[in-house]
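Structure assessment
For reference, the chains in residue letters:
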Amino acid sequence: MTDSVRPGSYIDGVWRHRRRDDMFTVADPATTATLAVIEQSGLGEADAALAAADSASGAWASAPPRVRSDVLRRCYELVSEAADELAAMIVAEAGKRMSDARAEVAYAAEFLRWYSEEAVRVPGRFGSLPEGGGTMYVSRRPVGPCLLLTPWNFPLAMVTRKVAPAVAAGCTAVLKPSELTPLTCYRFVDLLEAAGLPAGVLNVVTTTNPGPLVERLLSDPRLRKVSFTGSTPVGRTLMRQAAERMLRTSMELGGDAPLLVLADADPAAAVAGTLVAKFRGSGQACTAANRILVHSSVAGEYLDRLAERVIAMRAGTGTDPSSGTGPLINAAAVARTRRRVEEVLADGAELLAQGPTTTGPGCFFPATLIGGVRPDSVVAGVEWFAPVAAVSVFDDEEELVAAAASSDSGLASYIFTGDIAKGRRIASRLEVGMTALNTGLLSNAAAPFGGVKLSGHGREGGSEGLDEYLETHYRLEYN
């Protein structure tokens, strides 16, 4: 990868070179070294990519479901075979620890396997009219050409989570990966091509200035859907633009996930779950536990145990097996995290523990535990997106639950309790799309991933994820 020059546009089955005077670099956040130089995609490439997707749309939509299934299954096998290479690329451009990168590759591959199986199970129904005299036929059809916008924090899994159901449904697409982590996506495209995906079904454009390019695509009458994973402010902008042409939209937006440790929870188990929910991927996930809410009766043991683990969690490179967390994505993320920690401490919170960090030029921030955070503190509702655990303690369990339910976001929540029935009752009171009960990990390719309120709409994964790329058609026939 080092210092290689790559075109940022894959159109109609060909990587297209552009002007060499309009490029950007992809850097390793652990060393700040340049990994690759990428040629920017422009409006011309965006137009050509959508034209290719539109041209391929009819043939791909009418392809037998088994053909689409076989392409995804072969791609699953190729991704699995290339797992070591893909994990190394994720470590290099996203800064993840190798164990987290390997887990992402396995997770990403599961979307390919799952939707290879779902491709041949697109539902439909028929039946007589209730009053008789006619028959209704209900079928599902591909939405058509889609725009898929993916973030940097899961450079492979977020791509397969969108591409796999689109391909399975018979849709074509233009994919814009994050300019911070495009290299893993590029390698995946090579594997998908090797698996037999026809030219034009998937096209890629990459740019550091996505606004004009995306706006151009959203205004084109050939586009039928946009799927976006990212921040709520950007999602709002895309929704406004998509509304002009009434495009189908799927939006997986920001999270403010509460993690509840109830009075009857096992503190050791709650800490184990917190380490996964908070620190996996250095906390750079929309599902990461953002607000940790603990009952006072177990707070002492919980915080002592968690502090012990945080102090031992060294921030280092992803290739170092002794690293507990990796770097943040860039220097701006480090500066933002440092500023927010200073703000919450100035607001009366207390620094309880902080892990060591490696020396060097990388974008490192130490694992951090902060206690005494007020529910209405200056960071309330702000996503940390960093290895910072912010803890609030409550004497009353009802107040704890009310605080968990107070956010305008509604993506995920975590509940730790010794009473499963109570945990289920509390889960039903939280306006979120997903809840993990007594575990810190909730993602699965077979499950519908997504949120409510300001965390967006639509689902990815499961049979629900396929529905996002299908339209419903009803035909009436009289006897």
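Quick look at the structure, then. Because the structure is a prediction, the values reported are computed rather than measured. (Residues numbered from 1 in each chain as written. Predicted model: local features only at pLDDT ≥ 70, side-chain atom pairs only at ≥ 80, totals over all residues. Heavy atoms only, no water.)

**Description of the overall build of the chain**
Counted only if it meets this: Helix and strand assignments follow DSSP, with helices taken as H or I runs no shorter than four residues and strands as E runs no shorter than two, numbered in order from the N terminus. Values of the radius of gyration come from C-alpha atoms, whereas the globule rule sets the reference at 2.2 Å times the count of residues to the power 0.38. Classification of residues uses two cut-offs on accessible area relative to the type maximum, computed with a 1.4 Å probe and protein chains only: under 20% is buried, over 50% is exposed, and between them is partly exposed. The contact rule is simple, with two residues in contact once any of their heavy atoms fall within 4.5 Å. We get accessible surface area from the Shrake-Rupley algorithm with a probe of 1.4 Å; when it comes to residues, only the shown protein chains can shield them. Residues scored as positive are Lys and Arg, those scored as negative are Asp and Glu, and His as well as the terminal groups of each chain are ignored. Charge positions are represented by NZ for Lys, CZ for Arg, CG for Asp and CD for Glu.
Within the chain one finds 14 helices and 23 strands. Here the C-alpha atoms of the chain give a radius of gyration of 23 Å, agreeing with the 23 Å that 2.2 N^0.38 yields for 479 residues. By its C-alpha atoms, the chain is 70 × 65 × 40 Å across when sized along the principal axes. Out of the 479 residues belonging to the chain, those deemed buried represent 55%. Considering only intrachain contacts with a sequence separation of at least 6, the fraction spanning at least 24 residues in the chain is 73%. Entry remark: accessible area of the chain is about 18,600 Å², with carbon and sulfur atoms responsible for 52%. Computed over 47 positive and 55 negative side-chain charges, the inter-centroid distance for the chain is 4 Å.

**A closer look at the sheet that holds strand 23 (residues 470–478)**
Think of a sheet as strands paired side by side through backbone hydrogen bonds, with each pair either parallel or antiparallel. For the record, the criterion: Two strands pair if DSSP finds at least two bridges between them. With axes taken as lines fitted to C-alpha atoms, and helix axes fitted only over the stretch in contact, angles between N-to-C directions fall between 0 and 180 degrees.
The strand order 6-7-23 describes an open sheet built from three strands, whose pairing is antiparallel. Looking at the sheet topology across the chains shown, the edges are occupied by strand 6 (125–128) and strand 23. Averaged over all adjacent pairs, the angle separating strand axes in this sheet is 15 degrees, with direction ignored.

**Digging into the packing of helix 1 (residues 43–62) against helix 7 (residues 210–218)**
Where we set the bar: Here a crossing is taken to be left-handed if its near helix is turned anticlockwise relative to the far helix by less than a right angle, and right-handed if that turn runs clockwise. When residues are grouped by polarity, Ala, Val, Leu, Ile, Met, Phe, Trp, Tyr, Cys and Pro land in nonpolar, Asp, Glu, Lys and Arg in charged, and all others, Gly among them, in polar.
For the pair helix 1 and helix 7, the least separation of the axes is 9 Å and the interaxial angle reads 35 degrees. The way helix 1 lies across helix 7 gives a crossing that is right-handed. Of the residues in helix 7, those in contact with Leu43, Ala46, Asp47 and Leu50 of helix 1 are Pro212, Leu213, Arg216 and Leu217. For the contact of helix 1 with helix 7, a count of residues per class yields six nonpolar, no polar and two charged.

**As for the pattern of salt bridges**
To be explicit about the condition: Just to be clear on terms, a salt bridge is a Lys or Arg side-chain nitrogen sitting within 4 Å of an Asp or Glu carboxyl oxygen.
Tallied over the entire structure, the rule returns 24 salt bridges. The salt bridge partner of Glu460 is Arg161, with a shortest N-O separation of 3.0 Å. Of this pair, Glu460 sits in the loop between strand 22 (456–457) and helix 14 (462–467) while Arg161 sits in helix 5 (residues 157–169), placing them 299 residues apart in sequence. Both residues of the pair, Glu460 and Arg161, count as buried. Within this structure, Arg161, Lys162, Glu252 and Glu460 form a network of salt bridges that share partners.

**Details of the packing of helix 4 (residues 98–118) against helix 5**
Keep this limit in mind: Put simply, angles under 35 degrees are roughly parallel, angles over 145 are roughly antiparallel, angles from 65 to 115 are roughly perpendicular, and the rest are oblique.
Running from N to C, helix 4 and helix 5 point in directions that differ by 5 degrees, and their axes come no closer than 9 Å. By the angle between their directions, the pair helix 4 and helix 5 is classed as roughly parallel. Together, Glu104, Tyr107, Ala108, Phe111, Leu112 and Tyr115 of helix 4 and Ala157, Thr160, Arg161, Ala164, Pro165 and Ala168 of helix 5 make up the contact between the two elements. Of the residues assigned to the contact of helix 4 with helix 5, the class counts are nine nonpolar, one polar and two charged.

**Considerations on the sheet that holds strand 1 (residues 4–7)**
Strand order in the open sheet formed by three strands is 1-5-4, and the pairing between neighbours is mixed. Strands with a single pairing partner mark the edges of an open sheet, and in this sheet they are strand 1 and strand 4 (23–27). Taken pair by pair, the neighbouring strands of this sheet meet at an average axis angle of 30 degrees, ignoring direction. Here strand 1 pairs with strand 5 (residues 34–39) via four bridges, running parallel. Along strand 5, the bridge assignment pairs Ser4 with Ala36. The sheet contacts of helix 6 (residues 183–194) involve strand 1, strand 4 and strand 5, and relative to strand 5 the element is tilted by about 65 degrees.

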